[in-house]
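What follows is the residue order along each chain.
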Amino acid sequence: MFPRRITRLASIAAAAIALSACGAAPNPAMDIAKTATETLPLASAQAASATSAKPSTSRSQSSKPLPKVLVHKSESCGCCGAWVDHLRTAGFTVEVRNSDDLQPVKLRLGITPSMMSCHTAEVGGYFVEGHVPAADVKRLLAEKPDVKGLVLPGMPLGSPGMEVPDGRVQPYVVSSVDKQGQLSDYAHHGH
């Protein structure tokens with residue numbers, strides 16, 4: 001019991017430091033969960049190693065190569081980097097543009113404050129805001145709906161890039177954004 005408390009307290013303390021690292025932390029409770037992953041480097045390194053060791057089968061399942069993803073993020077944001085790794089593992093080629101001010105990109109794309117997360121991507125004429133699973137991005141690109149993009153506001157525990165060592169996943173909904181800026185449920189996760 002005692003070591004668990006120390007780990008939790010260390011995670012909470014590190015969360016305060018991590019809040020400034022991400023640059024767009026809409027939900028401090030999620031930052032505490034994110035920090036739990038960052039403060040356990042051995043578990044994270046093992047998970048990253050296991051993930052990178054898996055061969056990507058996405059290109060062999062589809063004859064058409066996936067388009068390049070352009071990700072706008074803060075250079076210091078660890079969870080954004082983990083999401084980029086998630087996309088690469090899923091078979092995407094990713095270009096990263098680090099910036100200390102992501103607001104101009106979000107405004108240009110029509111991403112409102114209620115939709116925001118810590119990073120923004122552009123792929124195939126769509127935007128992808130936040131920790132959206134690669135499978136949802138692939139579905140978007142395959143179905144080509146008449147929407148502006150996908151959003152996952154905040155930083156839900158267990159979403160790609162927000163994984164924790166015990167594997168917990170907070171239920172979350174990825175939404176599509178239509179041309180008028182209205183949200184519709186696109187995919188449910190963790191239920």
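First things first, this report covers the structure right here in the doc. A quick note: this is a predicted structure, and the numbers were derived from the prediction, not measured.

Cut-offs and rules
Residues numbered from 1 in each chain as written. Predicted model: local features only at pLDDT ≥ 70, side-chain atom pairs only at ≥ 80, totals over all residues. Heavy atoms only, no water. Salt bridge = Lys/Arg side-chain N within 4 Å of Asp/Glu carboxyl O. Helix = DSSP H or I, 4+ residues; strand = E, 2+ residues; numbered from the N terminus. Buried < 20%, exposed > 50% of the residue type's maximum accessible area, 1.4 Å probe, protein only.

## Let's talk about the pattern of salt bridges
Per the counting criterion, the structure on display carries seven salt bridges. A salt bridge links Glu95 to Lys68; the shortest N-O distance between them is 3.4 Å. Of this pair, Glu95 sits in strand β2 (residues 94–98) while Lys68 sits in the loop between α4 (58–61) and β1 (69–73), placing them 27 residues apart in sequence. The exposure class assigned to Glu95 is partly exposed, which follows from its relative accessible area of 28%. We classify Lys68 as partly exposed; its relative accessible area is 49%. In the salt-bridge network here, residues are joined through shared partners; they are Lys68, Glu95 and Arg97.

## Here's the deal with the environment of Pro113
In this fold, Pro113 is placed in the loop between α6 (103–109) and β3 (120–123). For Pro113, a relative accessible area of 70% gives the class exposed. Sequence separation between Pro113 and Pro153 is 40 residues, and the spatial gap between their C-alpha atoms is 8.9 Å.

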